[in-house]
Amino acid sequence: MRTYSRCLAVLPLLAALLTSCGSERTGPTVLNWYNFPDDSGALASAASSCTRASGGRYRIVYNKLPRTADGQRQQLVRRLAAGDDAIDIMGLDVTWVPEFAEAGWVLPWTGASRAGASVGTLEVPLRSATWRGTLYAVPYNTNVQLLWYRADLVPEPPRTWERMLAMARELAERGKPHHVEIQGAQYEGLTVWFNTLVASAGGSVLNATATAPALGPPAVEAAAVMRELAVSPAADPSLPNQMEDQNRLAMESGTAAFELNYPFVYPSMRSNNPELFRHFRWAPYPRVDARRAAKPTIGGINLAIGAHSRRPEQAFEAALCLRNRKNQITAAVDGGLPPTLRALYSEPEFKKSYPFADTVLAALENASVRPQTPAYQNVSIVISHTLSPPAAIEPRRSVATIGRQTEDALRSKGLIP
C-alpha cells in the first residue's frame, strides 16, 4: 500500500511535467538576447515590451554577459566559433563588428531590415556598425566624452588643450584644486584618449582601407599633448592607474578642476556631492588645434544577429524593436545610455534627464570611431602598451613604435606586447 500511495503521489508531478513540456513546444519561439549586465532594468524592460509587441510570436530572453568587455567578447567568441545556434541577438562593443563580420559570426542587414536600422540613426554610430560597406548591426546606444569642469574655479571652459593646461597651472599656483582627470591606465581608455587626439588633430590611426597605419604628424601631436599633461601640475598623481571611475571619484572628492569623461558622471555627482554639484558644468571636448573641432571617440553597443540563429527573420525584427524610440528613451533616462536615434535629442523627457543633450548631440555628429579592423584588439594593446605610462611618452619615438607594431598586428605577425 505504501508503494502504491507513493506512485499515486508521483503521478500528478509527472502529469505537470508532461503538460509543461507540451506547452513549451506549442508556446512562442524563444529568442536569446545576450548583452552587457544592466542594473537599471532598462534592458529587461525592453525585452518584456518587445515580447508583448510580438503578439505571442516570440519571447525575448535577456541573458547577461560578464561585466567586463573582455569577458563579454571571450564568451561570445567561444560560443560562436563552436556554431552555437542559441545566440539569436547579441550586443557587440562598437570595436567588435569587423572581427565578427570577417569571421562569419553575424548576419548582414539587408533590404527592409537595413532600411529600418538606418533611418533616423546618427551617422557615426551607424558607421561603427558597418564593415566594408555592409551593415552588420543596428546601433543600440552610443556614448561620447565631454569636458566637465567646476564653474566656481573656472568661469569659462577652455576651448583647447593648451588653454586647459594653462588654467590648471594657474589654479595650482593659487593653491586651488587643479587636476585634469582622464584615463591614463594601460587599457582601452588610454587607446581612446590617443585616438580622440589623433582624430582631433586631423589624422587617423589606420589608413582608409584599414590595411596599414596612418599616424604621421597628427599622431605625434597627439602624443605630445598626452605627455604635456602627464608632466604638468595638471596631472593627477594616480594618472598611470586611472580609469573612468577613478576619474569620477577624484572629481567628486573636490581635488580636480576638469574631467574628460562620459555623461554617467553627472547623476553620480548629483547623488554623491550635492554641494559640489551646484558648480558642476559641461562643455565640448577641448580641441588639439584651435582651428579644428574636437572629434571625441564614440563608445556604445550595436545589436547583431548570430549567424547560426535558427530564427533570423524574427531576430532582425526583435532587434529593431529593442532599439526603438520607447526603449531608447528608457535606456537613456534609467540607464544613462545616450540614444542613437537623432530625433530623441529633442524629446522633452530625454532632455530633462540630459540637460547636456545638445552638447552630446553636437559631439556625436562630429565624433570619431576607433580603428576599424578585425585586428582591433591587437592594435589597441599596441597603443596602450606603448603610451603607458603617459609621462614616459617620447612623441616621435613612441608613434614610430606604434606604427611598426601596428603593421605587425595587421599582418598577424610577431608578438603583441
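The model shown is predicted, which means the values in this text are computed figures rather than measured ones.

Draft legend 1. Quick look at the overall build of the protein chain. Along the protein chain, the regular secondary structure elements total 18 helices and 11 strands. Its C-alpha atoms give the protein chain a radius of gyration of 24 Å, within 12% of the compact-globule value 22 Å for 417 residues. When its C-alpha atoms are laid out on the principal axes, the protein chain stretches across 90 × 55 × 50 Å. When the 417 residues of the protein chain are sorted by exposure, 53% land in the buried category. For the protein chain, the proportion of contacts with a sequence separation of at least 24, taken over those separated by at least 6, is 74%.

Draft legend 2. Expanded view of the confidence of the model for the protein chain. Taken as a whole, the protein chain shows an average pLDDT of 91; of its residues, 93% reach a score of 70 or greater. Across residues 1-24 the pLDDT falls below 50, and counting only partners more than four positions away or on other chains, this stretch makes 0 contacts in the model.

Draft legend 3. Structural context of the nonpolar core. Of all hydrophobic cores here, the largest spans 96 residues; its most connected members are Trp33, Leu76, Phe100, Trp161, Phe194 and Phe258. Here this core takes 8 residues from helix H9 (residues 217-230), the largest share from any one element. Core analysis: the second largest hydrophobic core is formed by 29 residues, Val144, Tyr354, Val360 and Ala367 among them.

Draft legend 4. Quick peek at helix H3 (residues 69-81). Its 13 residues place the ends of H3 18 Å apart at the C-alpha level, agreeing with the 18 Å of an ideal helix rising 1.5 Å per residue. Within H3, the full set of buried residues consists of Gly71, Gln72, Leu76, Val77 and Leu80. Packed against the buried residues of H3 are strand S1 (29-35), strand S3 (89-93) and helix H4 (97-102).

Draft legend 5. A look at the pattern of salt bridges. Scanning all chains against the criterion turns up 22 salt bridges. The shortest N-O distance in the salt bridge between Asp84 and Arg79 comes to 2.7 Å. One network of salt bridges, in which partners are shared, links Asp245, Arg248 and Glu252.

What counts, and at which threshold
- Residues numbered from 1 in each chain as written.
- Predicted model: local features only at pLDDT ≥ 70, side-chain atom pairs only at ≥ 80, totals over all residues.
- Heavy atoms only, no water.
- Helix = DSSP H or I, 4+ residues; strand = E, 2+ residues; numbered from the N terminus.
- Rg over C-alpha atoms; globule rule 2.2 N^0.38 Å.
- Buried < 20%, exposed > 50% of the residue type's maximum accessible area, 1.4 Å probe, protein only.
- Contact = heavy atoms within 4.5 Å.
- pLDDT = per-residue confidence, 0-100.
- Core = buried A, V, L, I, M, F, W, Y, C linked by side-chain atoms within 4.5 Å.
- Expected span 1.5 Å × (residues − 1).
- Salt bridge = Lys/Arg side-chain N within 4 Å of Asp/Glu carboxyl O.

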